[in-house]
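Results of the structural survey
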Amino acid sequence: MRWKKTAIAVALVSILTIGAAYTLDALDKAYPPPLDAALSRSFEVKDANGQLLRAFATTDGRWRLKTTANDVDPQFLKMLVAYEDQRFWQHAGIDPWALMRAGWQLVSNGRIVSGASTLSMQVARLIEPRTDRSFSAKFLQAARAVQIERRLGKAEILDLYLNLAPYGGNLEGVRAASLAWFGKEPKRLSTAEAALLVSLPQLPERRRPDRFPEAAKAARERVLSRLAVADVLGDGEAARASLSMVPSRRMELPAFAPHLAEVARRKTPDAGEISTTLSLSVQRELEALAKRAAEKLGSKVSVAIVMADSRTGDILAEIGSSDYTDTARRGWVDMTRAVRSPGSTLKPFIYGLAFEDGVAAQETLIEDRPSDFYGYRPRNFDMSYQGDVSIRQALQLSLNVPAVKLLDAVSPAALMVRFRRAGVSLSLPAGEAPGLAIALGGAGVSLVDLVQLYAALANRGVPVALGDGVRSQPQAQQTSTMLDTVAVWNVSDILASVLPPLGMKQRGIAYKTGTSYGYRDAWSVGYDGRHVIGVWVGRADNGAVAGIAGYASAAPILFEAFEKSGVAITPLPSAPTGAVRLAAQDLPAAQRRFSVTSSGLVTASTREAAPHIVYPPEGAKVELSVQGGDMSPLVLKMQGGRAPFRWLANGKPIRDLSRKRTSQWLPDGAGYSTLTVIDADGRASSVRVFVD
């Protein structure tokens, strides 16, 4: 008879088991757990190394960052399981021992002393929130936990908890909480930090550290005092952690590269996350630099910066404005992509083309004086002229007339072809052909495109296409160069010797500045042997900014950007074969002096007009003013001739040789005097004046 009873019992258990399994399968099909709702995440923009640059809240306004157990400190995970669900890795969603303990405590004390919720049950509650805390709600929660366990592995369930656990306000998930309360990723947490993150999800609003610090600290202490947690920590660690303060304020989540991040989000809204070529450390430092610099320059002035790798084309940092949220500066406008007048920043490419064509060398003399190019009369920034200067000096001083003369010789069309080789097309007025005004900023270009042009100089003349910052730009094998290596070396050799801005140290970079017409844009672009940084300063509304200039306003930011970026300076390339800087007397005759004949041919033989004193005029009576008992000097001006010049008063030299066409003379006394100027060819001009 006993065997019959045993057989009946086994049969009943089998029937019940099969029935339970069938029921669970039917419930799973009819009422599956809403796991899809747990898949909603914040859109994340990451740097090239996977670090978070910027995140966007979910559609329901939650900060919920994708997290796995691998992203979290292992000690935190051990403390979480020890405090919340010690048998998490063994049970099937419900912990029978915890249920019996909770039931016994309820019967013995007449109230709930401890809960029996497993991490799986908590995940069920998080994906399907219920307002009531009744026994029926708990039963449904337990049923959902079993369903979840049937669908997912333990690691997946733990990841769901790490993503969905509430931490106060609109913070969900341990990553968002760690960034908000501690300002760091949860990969490395102190014991005190880990304990606080374990304690907050039970009562996230009542234990918010920024609002209820005492409650937060007390909750942390309960975690640290739990025996199972103490076993995880080791001797004395809980006591040491108890001495730590809880955070007093909620920090902002990373919000770097806002312009690029917004564009990336609009382009790929369903991606969930997107990687960029930016470097978080470089982006952070240059954003702070742009903000500080703009605050010094004026309330409506903005600053934009781009840093790129000239070998890969990757953009390492892109700051579209000094402050994205500053409405006075129109911070939402991305000035790295805005088309503006580049001022003098295109001049190095004109000189490079002249070097390549052989019409000039570094020590070739070129004249800087008022000139007329078919009705176009360029003037220098300071409204003065230097006379005869070397090509090297003309570029370093950014003189306008020599640059226009060279562009006239090599042709604007040829320059535009070289720009197109580098993948850049200037913006010209509708219907207009490229003209000589390009040399002084008479065309439009964006900061990104300008950096792309200079990247070719840093890359020995080989064009490099910059990526969009979101992904690396595949670099095809280049079959043509923008400029040959010798021409590029000559340009870099000149620009590397330009004095740094006042108060700045020479950093081993070549750089050029520019200021657009009307003081609307100030530029500075510099490069070493690998990296290029471009800086723009101005107003996003295209308004004038009194006093801004490339050298005074943008160049200091450029030099500080190279320093703050943390990227080591790569030395500029050494001189390639065939590159040599000859002294003026060693140049071929055709390169000793740059000038153009009436037929348009570049020649070395054209002679200037003889010198002529234009002030004071012949026979003038000059009355000199007296200030503080001292007589003011008389200003002398001349035209024509070839530098250097020597001035004489009554046959005696006034001062040393000078390349300038102005000088000063302080008479010995009243009466007639003869003033003479002699040029380098020995030609002279004299005037007789009466000093009163």
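Whatever comes next refers back to the structure up there.
Here goes a summary of the coordinates provided. The model shown is predicted, which means the values in this text are computed figures rather than measured ones.

What follows is about the overall build of the chain. When its secondary structure is counted, the chain shows 20 helices and 24 strands. Here the chain holds 692 residues, and 49% of them are scored as buried. Carbon and sulfur atoms form 54% of the exposed surface of the chain, whose accessible area is close to 33000 Å².

Here Tyr615 and Pro616 are connected by a cis peptide whose omega angle stands at 0 degrees. At Arg330, a residue that is not glycine, the phi angle is positive and equals roughly 55 degrees. Looking at the secondary structure, you find Arg330 in the loop between β7 (315–319) and α14 (347–357). The backbone phi angle of Ser411 is positive, close to 85 degrees, even though this residue is not glycine. Looking at the secondary structure, you find Ser411 in the loop between α16 (400–410) and α17 (412–421).

On to the nonpolar core. With 78 residues, the main nonpolar core has Leu406, Leu426, Leu453, Leu457 and Tyr527 as its most contacted residues. Among the elements that take part in this core, helix α18 (residues 447–458) stands out by supplying 10 residues, more than any other. Apart from residues no more than four positions distant in its own chain, Tyr527 is found in contact with Tyr454, Leu457, Ala458, Val491, Ser492, Leu495, Ile509, Ala510, Val532, Phe562 and Leu572. Core analysis: the second largest hydrophobic core is formed by 54 residues, Val174, Leu179, Ala194 and Val229 among them.

Right, let's get into the sheet that holds strand β16 (residues 621–622). The five strands lie next to each other as β16-β24-β23-β20-β21, forming an open sheet whose pairing is mixed. Of all strands in the sheet, those bounded by a partner on one side alone are β16 and β21 (652–653). Here strand β20 (residues 646–649) pairs with β21 via two bridges, running antiparallel. Considered in β21, the bridge of Leu648 is made with Pro653.

Right, let's talk about the pattern of salt bridges for a bit. With the rule as written, the count across this model stands at 27 salt bridges. A salt bridge links Glu128 to Arg144; its shortest N-O distance comes to 2.8 Å. Of this pair, Glu128 sits in the loop between α4 (119–127) and α5 (135–151) while Arg144 sits in helix α5, and the two are 16 residues apart along the sequence. Given a relative accessible area of 21%, Glu128 falls into the partly exposed group.

Along the chain, Glu221 turns up in helix α9 (residues 213–225). Of the residues examined, Glu221 reaches a relative accessible area of 23% and is grouped as partly exposed. With 21 residues separating them along the chain, Glu221 and Ser242 place their C-alpha atoms 6.6 Å apart.

Under the criterion given, the structure shown has seven aromatic pairs. Ring centres of Phe88 and Trp89 lie 4.9 Å apart, and the angle between their planes is 70 degrees; this geometry places the pair in the edge-to-face category. Residue Phe88 is classed as buried on the basis of its relative accessible area of 0%. For Trp89, a relative accessible area of 46% puts it in the partly exposed group. Ring geometry for Tyr672 and Phe690: centres 4.9 Å apart, planes at 65 degrees, overall edge-to-face. With Tyr672 in strand β23 (residues 671–678) and Phe690 in strand β24 (residues 684–691), the pair connects residues that are 18 residues apart, well separated along the chain. For Tyr672, a relative accessible area of 54% gives the class exposed. By the ring-pair criterion, three or more aromatic residues cluster together here, those being Phe349, Phe419, Tyr454 and Tyr527. Taking the ring centre of Tyr324 as reference, the NZ or CZ of Arg54 above it sits at 6.0 Å. Between Lys154 and the ring centre of Phe88, over which it is positioned, the NZ or CZ distance is 4.6 Å.

Reading the values: rules and limits
- Residues numbered from 1 in each chain as written.
- Predicted model: local features only at pLDDT ≥ 70, side-chain atom pairs only at ≥ 80, totals over all residues.
- Heavy atoms only, no water.
- Helix = DSSP H or I, 4+ residues; strand = E, 2+ residues; numbered from the N terminus.
- Buried < 20%, exposed > 50% of the residue type's maximum accessible area, 1.4 Å probe, protein only.
- Areas by Shrake-Rupley, 256 points an atom, 1.4 Å probe, with all protein chains shown as cover.
- Core = buried A, V, L, I, M, F, W, Y, C linked by side-chain atoms within 4.5 Å.
- Contact = heavy atoms within 4.5 Å.
- Pairing = 2+ DSSP bridges.
- Salt bridge = Lys/Arg side-chain N within 4 Å of Asp/Glu carboxyl O.
- Phe/Tyr/Trp six-rings, centres within 6.5 Å; stacked < 30°, edge-to-face > 60°.
- Lys NZ or Arg CZ within 6 Å of the ring centre and 35° of its normal.

Any link to function would need more than the numbers given here.
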